[in-house]
Amino acid sequence: SESFEPIALSGSSTLWETSRGGDDFSAAGSLCHGWSSLPAYYLRRHVLGVSPLEPGFKKFRISPFADRYWKAGGRVPTPHGAIEVRWTREGGSGIVFSAEGPSCLEPVLDPLPECPVLSAKYNSRPLSASKTKCDAKL
């Protein structure tokens, strides 16, 4: 994500081919590069930890991976409206997770062993970890 941060922090409304933008490749770098969208997917899916279990996010997994981050936040668009996510690390490794989103969506807390979730809320309602891992591998 070090390569993605200059793009995200530049204020650009497009995703560049590289973090050097148009200055790369002898001033021939692309400033609108579809293949550069992988960090946007990765950050939503793995760092924020939100992924669909059913079409349209009707049911969705919460499984954040803190990696090198101490906090994260963002918006995950769904056909029913955005899911706003925020989490922070507490006590060195555990995550305190909260999200707000459409009430018609069903969150499933499925924490990773290496990133325990100390507490999680969706629309201010506490969530408990699923008893078994989710079957869908999306």
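Residues numbered from 1 in each chain as written. Predicted model: local features only at pLDDT ≥ 70, side-chain atom pairs only at ≥ 80, totals over all residues. Heavy atoms only, no water.

**Q** Describe in detail the pairing of strand β4 (residues 83-90), supporting the description with residues and values.
**A** With burial as the criterion, only one face of β4 is covered, namely that bearing Ile-83, Val-85, Trp-87 and Arg-89; the residues Glu-84, Arg-86, Thr-88 and Glu-90 on the opposite face remain uncovered. As judged from the six bridges shared by strand β3 (residues 71-76) and β4, these two strands associate in the antiparallel manner. Residue pairing in the sheet places Ala-72 in a bridge with Trp-87 of β4. Relative to strand β5 (residues 94-100), β4 runs antiparallel, the two sharing seven bridges. The residue of β5 that forms the bridge with Glu-90 is Gly-94. Hairpin connection from β4 to β5: three residues lie between these consecutive antiparallel strands, with Gly-91 at a positive phi of about 60°. (Buried < 20%, exposed > 50% of the residue type's maximum accessible area, 1.4 Å probe, protein only. Helix = DSSP H or I, 4+ residues; strand = E, 2+ residues; numbered from the N terminus. Pairing = 2+ DSSP bridges.)

**Q** Outline helix α3 (residues 38-48), listing residues and values.
**A** Taken together, the buried positions of α3 are Arg-44, Arg-45, Val-47 and Leu-48. Summarising the contacts, the buried residues of α3 are in contact with β1 (50-52), β2 (59-62), β3, β4 and β5. Immediately beyond the C-terminal end of α3, within one or two residues, lies Gly-49, with a positive phi of roughly 85°. (Contact = heavy atoms within 4.5 Å.)

**Q** I'd like to hear about the confidence of the model for the protein chain, residue by residue, with values.
**A** Across the protein chain, the average pLDDT comes to 86, with 92% of residues at 70 or higher. Across the protein chain, the element-wise mean pLDDT spans from 77 in helix α1 (residues 5-10) up to 97 in strand β6 (residues 106-109). Across residues 132-138 the pLDDT falls below 50, and counting only partners more than four positions away or on other chains, this stretch makes 16 contacts in the model. (pLDDT = per-residue confidence, 0-100.)

**Q** Tell me about the nonpolar core, and please be specific about residues and values.
**A** Note on soluble globular proteins: their nonpolar side chains tend to be buried together. In this structure, Val-50, Phe-60, Ile-83, Val-85, Trp-87, Phe-97 and Tyr-122 are the most contacted members of the largest nonpolar core, which totals 23 residues. Elements that contribute at least two residues to this core include exactly α3, β2, β3, β4, β5 and β7 (117-122). (Core = buried A, V, L, I, M, F, W, Y, C linked by side-chain atoms within 4.5 Å.)

**Q** Can you lay out the pattern of salt bridges for me, pointing to particular residues and giving the numbers?
**A** By the definition in use, this model includes four salt bridges. One salt bridge connects Arg-20 with Asp-24, and the closest N-O pair in it is separated by 2.9 Å. Here Asp-24 falls in the buried class, since its relative accessible area comes to 14%. The closest approach of N and O atoms between Arg-75 and Glu-84, which form a salt bridge, is 2.5 Å. A residue is classified by how much of its surface remains accessible, and Glu-84, at 28% relative accessible area, is partly exposed. (Salt bridge = Lys/Arg side-chain N within 4 Å of Asp/Glu carboxyl O.)

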